[in-house]
Amino acid sequence: MGVINKLASSLGRRDEVPNQELAAEIAGNNDKKAVQELVDNLSNKSKDVQSDCIKVLYEIATLKPILVANHVNSFIELLSSKNNRMQWGAMTALHAITNEKPDAVYNALPTIVAVADKGSVITNDHCVGILIKLAAVKKCTEDAFKLLLERLKLCPTNQLPMYAENALPVINENNKAVFIQTLSARLAEIEKETKRARVEKVIKKLQPKK
């Protein structure tokens, strides 16, 4: 049974379970041929097949990033898709493989950020995730962190606590002050008390203990 025949749409299913099971099977078998077939079908004439293929690919990327990392350029190209599902699916895959291909992802940052500026919440979530991962890579740190700060300044207040918490591992003595300043400047905008408390907790973690 070919890979395409195992996709949810090929099985007449409307749920994602077949795609998740297929991703686990391909990752478990280290099946590069199946990955290539999925990548080839990202341009299938059927939008359902396209959608299933990107789903399986980003699930594989989450389970075993090295298995799909060499297809980084295919995911970058997909960012320009007019199909929102394909766009955020590609961003999800790129987030998962950033540590495997930091140079390629770093070079694509202008596109990644431009797409996130116009994209969905999921697209933005993964863009921020990419920036955080790149901020931990020495040669990418400066540019990635600047872009991360810009997103923290402009993102919806609903997303700010999660972004702030996720960024903690890349905060150090060199960037701590500007990070705290950026978060503190937005506290008054956060209407939900629970979300404001989460941001305040991040700030408190970084401040010297009295």
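**Remarks on the layout of surface pockets**
- Looking at the largest pocket, its volume works out to about 210 Å³.
- Lining the largest pocket we find 14 residues, and of these Asp 117, Asn 124, Arg 151, Leu 154 and Cys 155 sit closest to its centre.
- For the lining of the largest pocket, the element with the highest residue contribution is helix α10 (residues 141-154), accounting for four residues.
- In the lining of the largest pocket, the residues fall into eight nonpolar, three polar and three charged.

**Considerations on unusual backbone geometry**
- For Asn 30, which is not glycine, the phi dihedral falls at a positive 55°.
- Looking at the element boundaries, Asn 30 is found in the loop between α1 (17-29) and α2 (32-40).

**Structural notes on the pattern of salt bridges**
- In total, this model carries eleven salt bridges according to the counting rule given.
- Among the ionic pairs, Lys 6 bridges to Glu 25, the shortest N-O distance being 2.9 Å. Here Glu 25 lies in helix α1 and Lys 6 lies in the segment before α1, a separation of 19 residues in the sequence.
- We classify Glu 25 as partly exposed; its relative accessible area is 37%.

What counts as what
Residue numbers run consecutively from 1 along every chain, following the written order of its sequence. Selection of residues for local features in this predicted model requires a pLDDT of at least 70, selection of side-chain atom pairs for listing and counting requires 80 or more, and totals for whole chains, interfaces and linings are taken over all residues. The basis for the side-chain values is all heavy atoms of the structure; hydrogens and waters are excluded. Using a grid of 1 Å spacing that covers the protein atoms alone, one calls a set of points a cavity when a 1.4 Å probe fits there but cannot get out, and a pocket when the set is open and has protein on both sides within 12 Å along at least five of seven lines; lining residues are those with an atom within 4 Å of a point. Grid points are joined across faces, edges and corners, and a volume is the space filled by probe spheres set on the points. Strands here mean DSSP runs of E at least two residues long; helices mean DSSP runs of H or I at least four residues long; both are numbered from the N terminus. Polar here means any residue other than Ala, Val, Leu, Ile, Met, Phe, Trp, Tyr, Cys and Pro, which are nonpolar, and Asp, Glu, Lys and Arg, which are charged; Gly is therefore polar. Throughout this description, the term salt bridge denotes a Lys or Arg side-chain nitrogen within 4 Å of a carboxyl oxygen of Asp or Glu. Burial status follows relative accessibility: with a 1.4 Å probe on protein chains alone, a residue under 20% of its type maximum counts as buried, one over 50% as exposed, and anything between as partly exposed.

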